[in-house]
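# Structural description and commentary
As a plain string of letters, each chain reads:
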Amino acid sequence: MVVFIIRRTLMMIPVLLGATILCFALVDLSNDPVQDRVFEIEQSTGEPVPQSTIDALESSWYYDRSVPERYWIWLTGLGDTNGDIGLLQGKWGPSIEGSAMDISYEVSTRFWITLRLVLFATLASIGIAILAGVVSAVKQYSRTDYTLTFVGFLFLAMPVFWLGSLFKEGAVQINKVLGSTVFQTYGSGTTGFRGNGWEVFVDSLPFLIVPTLVLMLGGYAAISRYQRASMLEVMNSDYVRLARAKGVRNGTVMRRHALRTALIPVATFAPLALSGAMGGAMVTERIFGWRGLGVYSLDAINAGDTFAVMAYVLISGVVVLVGVLISDILYGVLDPRIRYE
Amino acid sequence: MSNTAAPRLDAEAMATKERGQWEMVARRFFRHRAAVVSLVIFLVIVLFAYVGPFLWKWDYKIHSEIPSWASPSLDHPFGTDKAGRDMLGAMMQATKQSLNVALVVAIGSTVIGALYGAVAGFYRGWVDSVLMRFLDIMFVIPFLVITGALAGAIDTSVRWYHMAIILAVFGWTSIARAVRAEVLSLREKEFIEAARSAGGSDWHIITKHLIPNTMSVIIVSVTLQIAFAILSETTLSFLGLGIQSPDTSLGLLIEAAGASAFNEHWYLFYIPGVMIILIALTINFIGDGLRDAMDPRQTMVRR
């Protein structure tokens, strides 16, 4: 098992390298922050920018070299640097927002905010998907089944940003009616709140409810369809019929024989749910005014800040790959025929 | 096959004439009530978007004679926004742009994905390994970030075809996987061997034998791609990384409506939202109906 995990972790490296190379090339080639900044300065001062300023900008952002060279220096930090770049040395590179903006500080504080939202939402959507799928399958072709199926299709068709805006305004209305703030609809925690990890977490709970609900409803429907299909298949299989025939109680058959097997295909979709929630987090963070990674990446995209975009690409890539690894391990837990050595 | 299955079917089988495959698919599809209703609604939406602008007196642009923030009335059935824009005209244009993107993405990504998946499944070996590793890489790249970054980098105002190309270039991976899985089993069949022994080239076998036989997977994928493209395009436009003003899109209209879901301008928020949901919902039902209709394992007997 340990060997398996180590081997799989090592296999992530080429995938991450490939993904970062592709992203770096695309983002870098399509943006030119130096030119944008020069244009900005020209607009504000009304005078042509001296060549020395351009050179200084280029050398501080490493734009005085080619794209492959820039990628290499971003990855390794080897060579002629200002000491602020090199992923392997734990440095994320300079931010074009100036030296006051430290990418590694931003990323590390925002990461937990986003991870909290994404993990809660993914777990909640998988949980509700299993529940809805199993109920649908057990009561196949009943009114409950049709209702659940239709509701699932409805949420599948609903854009997260619309649902998010709707729920946010709805929560504001509920707060107004009740005359208190049951739901916090702006920000990810009380402004300026300080405390240890647990206190921060407790403080963030009222802020977490509505965004988690939005992401959960946005992500559960696809999985619940697969859960229903696999549950139906298992319930019609011979060994479930055998278990029934030898007189096992219905609840036990469902729980021990049917559900456990029916969960296996759903484990495949857990990483998909995770990457969907990462994407959805960008939207919900924007709507609910969170200072998380998703909003950070949006700002970086708008500014054409390649190093900051790459930080997001890398982190979201690692999160998704860890999700894949966990789902592979879950396979082994759910399916006794699979052995990892 | 059905002749021996049940005597009850015997008479029926003899009385009915032989049907072609597509005829059978169409018959099964039209028995799927939700799918047929969805198809009708979807066609109405298409007419609304492409024919509507020729029939309605206002376009999507701002006109000085249109009052601002008028509630829905006979003159402006969907109301007007703050700047003085007829929302019915804006909705027609927005729906048209979103549908344009969706249809081009569906076709473009399906062509890329089907060829990619068929090549990977047909050659197996190292070609397959390389192509599948590249798919893994595409899976890891955050879709909204990369498409948003490319759309955001376009210097001129972003048009619908920019969005369509960007979304198609990054949205084909699921089709490639589905087609590859089909092709992996198809390539072992006798008719492929026959085509090869008759001297068919690889390209001929892939395009003339393998891809046509995965048509059922591909057609279902096309419908799901339409829903996926609509949701992606509107999301990017909502985030300010898609189609930009003065042109309009369903996502842009919702973004402009802002926090008006529960105030007197509710119609600005709900009408474009309901339109997105209607398109994606009907497309999903149509895809579901097509999947049922084209599933060869399904028996001809309806219970």
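Procedures and definitions
Residues numbered from 1 in each chain as written. Chains lettered and ligands numbered in written order. Predicted model: local features only at pLDDT ≥ 70, side-chain atom pairs only at ≥ 80, totals over all residues. Heavy atoms only, no water. Helix = DSSP H or I, 4+ residues; strand = E, 2+ residues; numbered from the N terminus. Buried < 20%, exposed > 50% of the residue type's maximum accessible area, 1.4 Å probe, protein only. Contact = heavy atoms within 4.5 Å. Areas by Shrake-Rupley, 256 points an atom, 1.4 Å probe, with all protein chains shown as cover. Lys, Arg positive; Asp, Glu negative; His and termini not counted. Charge placed at Lys NZ, Arg CZ, Asp CG, Glu CD. Buried area = accessible area lost by both parts, 1.4 Å probe. Salt bridge = Lys/Arg side-chain N within 4 Å of Asp/Glu carboxyl O. Polar contact = N/O pair within 3.5 Å; in protein donor to acceptor, adjacent residues only side chain to side chain. Nonpolar A, V, L, I, M, F, W, Y, C, P; charged D, E, K, R; others polar. Axes fitted to C-alpha atoms, helices over the stretch in contact; angles between N-to-C directions. Parallel < 35°, antiparallel > 145°, perpendicular 65-115°, else oblique. Left-handed = near helix turned anticlockwise from the far one by under 90°. Domains from an automatic or database assignment. Core = buried A, V, L, I, M, F, W, Y, C linked by side-chain atoms within 4.5 Å. Patch = residues over 30% accessible without salt bridge, like charges linked within 9 Å, V, L, I, M, F, W, Y side chains within 5 Å. pLDDT = per-residue confidence, 0-100. Phe/Tyr/Trp six-rings, centres within 6.5 Å; stacked < 30°, edge-to-face > 60°.

## Topic: the overall build of chain A
Across its full length, chain A holds 12 helices and two strands. Going from the N terminus to the C terminus, chain A shows its helices and strands as α-α-α-α-β-β-α-α-α-α-α-α-α-α. With the C-alpha coordinates aligned to their principal axes, the bounding extent of chain A is approximately 85 × 60 × 40 Å. Across the 341 residues that make up chain A, the buried fraction comes to 49%. Sequence separation of at least 24 residues holds for 68% of the intrachain contacts in chain A that already meet a minimum separation of 6. Of the roughly 16,800 Å² of accessible surface on chain A, a fraction of 64% belongs to carbon and sulfur atoms. The centroid of the 26 positive side-chain charges in chain A is displaced by 23 Å from the centroid of its 27 negative side-chain charges.

## Comments concerning the overall build of chain B
Helix and strand counts for chain B stand at 15 helices and zero strands. The principal-axis extent of the C-alpha atoms belonging to chain B is close to 70 × 55 × 30 Å. Partitioning the intrachain contacts of chain B with sequence separation of at least 6 by distance along the chain shows that 69% fall at a separation of at least 24. A total accessible area of about 14,800 Å² is found for chain B, and carbon and sulfur atoms account for 63% of it. Across chain B, 25 positive and 24 negative side-chain charges occur, with their mean positions spaced 6 Å apart.

## Quick notes on the interface of chain B and chain A
How big an interface is tends to be reported as the loss of accessible area on association of its parts. Listed per partner, the contact involves 37 residues of chain B and 44 residues of chain A. Interface area, chain B with chain A, both sides summed: about 3,500 Å², of which 85% is carbon and sulfur. Ranking the residues of chain B by area buried against chain A places Phe 139, Val 140 and Val 145 of chain B at the top, with a combined share of 17%. Taken together, chain B and chain A are joined by zero salt bridges. Here chain B is connected to chain A by one residue pair in polar contact (both at pLDDT 80 or more). No other element matches the 10 residues that helix H15 (residues 266-294) of chain B contributes to the side of chain B that touches chain A. The residue makeup of the side of chain B that touches chain A, split by class, is 29 nonpolar, six polar and two charged.

## Topic: the packing of helix H13 (residues 215-238) of chain B against helix H14 (residues 250-257) of chain B
Residues and elements named next belong to chain B. Contact geometry of H13 with H14 gives a least axis separation of 7 Å together with a crossing angle of 40°. Classified by the angle between their axes, H13 and H14 sit oblique to one another. Remark: the crossing between H13 and H14 carries right-handed chirality. Counted together, Thr 234, Ser 237 and Phe 238 of H13 and Leu 250, Gly 251, Leu 252, Ile 254 and Glu 255 of H14 form the full contact between these two elements.

## Description of the side chain of Thr 149 of chain A
Mapped onto the elements, Thr 149 of chain A comes out in helix H6 (residues 143-157). With residues up to four places along the chain from it excluded, the contact list for Thr 149 of chain A reads Ser 136, Arg 225 and Arg 228 of chain A.

## Here's the deal with the domain arrangement of chain A
Residue and element names in this part refer to chain A. According to the domain assignment, chain A contains domain 1 (2-86) and domain 2 (112-334). Each of domain 1 and domain 2 has a C-alpha centre, and the two are 34 Å apart. With 20 residues of domain 1 at the contact, the number on the domain 2 side is 15 residues. Taking both sides of the interface into account, the surface hidden between domain 1 and domain 2 amounts to around 1,500 Å²; carbon and sulfur atoms contribute 82%. When the buried area of domain 1 at its contact with domain 2 is split by residue, Met 12, Leu 16 and Trp 74 rank highest and sum to 31% of it. In this assembly, domain 1 and domain 2 are joined by one salt bridge. For the salt bridge of Asp 328 with Arg 8, the shortest nitrogen-to-oxygen distance reads 2.2 Å.

## Considerations on the nonpolar core
One finds Trp 74, Trp 92, Ile 103, Val 107, Phe 161 and Trp 162 of chain A together with Ile 279 of chain B to be the most contacted residues of the largest nonpolar core, which totals 153 residues. Sorting elements by how many residues they give to this core places H15 of chain B first, with 16 residues. Summarising the domain contributions, this core has at least three residues from each of domain 1 (2-86) and domain 2 (112-334) of chain A. In contact with Trp 162 of chain A, not counting residues within four places along its chain, are Ile 254, Phe 269, Tyr 270, Gly 273 and Ile 277 of chain B. Counting residues in each nonpolar core, the second largest holds 14 residues, with Ala 118, Ile 175, Val 179 and Val 183 of chain B among its members.

## Topic: a nonpolar patch on the surface
Together, Met 1, Val 2, Ile 6, Leu 10, Ile 13, Leu 17 and Ile 21 of chain A make up a nonpolar patch on the protein surface, roughly 660 Å² of accessible area in all. Tracing the sequence through the fold places Val 2 of chain A in helix H1 (residues 2-30).

## Thoughts on unusual backbone geometry
The backbone of Tyr 141 of chain A sits at a positive phi, close to 60°, despite the residue not being glycine. Assignment of secondary structure puts Tyr 141 of chain A in the loop between helix H5 (103-138) and H6. At Arg 124 of chain B, a residue that is not glycine, the phi angle is positive and equals roughly 50°.

## A closer look at the confidence of the model for chain B
All names here are of chain B. Summary statistics for chain B give a mean pLDDT of 82 and a share of 91% for residues scoring 70 or more. Across chain B, element-level confidence peaks in helix H4 (residues 33-50) with a mean pLDDT of 90 and bottoms out in helix H1 (residues 2-5) with 47. Across residues 1-5 the pLDDT falls below 50, and counting only partners more than four positions away or on other chains, this stretch makes four contacts in the model. pLDDT under 50 marks residues 299-303. Its contacts with residues more than four places away, or in other chains, come to seven contacts. Overall fold confidence (pTM) sits at 0.85, and the ipTM for the predicted complex is 0.86.

## Overview of the side chain of Arg 70 of chain A
Following the sequence through the fold, Arg 70 of chain A ends up in helix H4 (residues 67-76). Accessibility expressed as a relative area gives 5% for Arg 70 of chain A, which makes it buried.

## Things to note about the packing of aromatic side chains
Per the counting criterion, the structure on display carries 18 aromatic pairs over all chains. Aromatic pair Phe 269 of chain B and Tyr 270 of chain B: ring centres 5.3 Å apart, planes at 85°, arrangement edge-to-face. Three or more aromatic residues link up through ring pairs in this structure, and these residues are Phe 24, Tyr 71, Trp 74 and Phe 307 of chain A.

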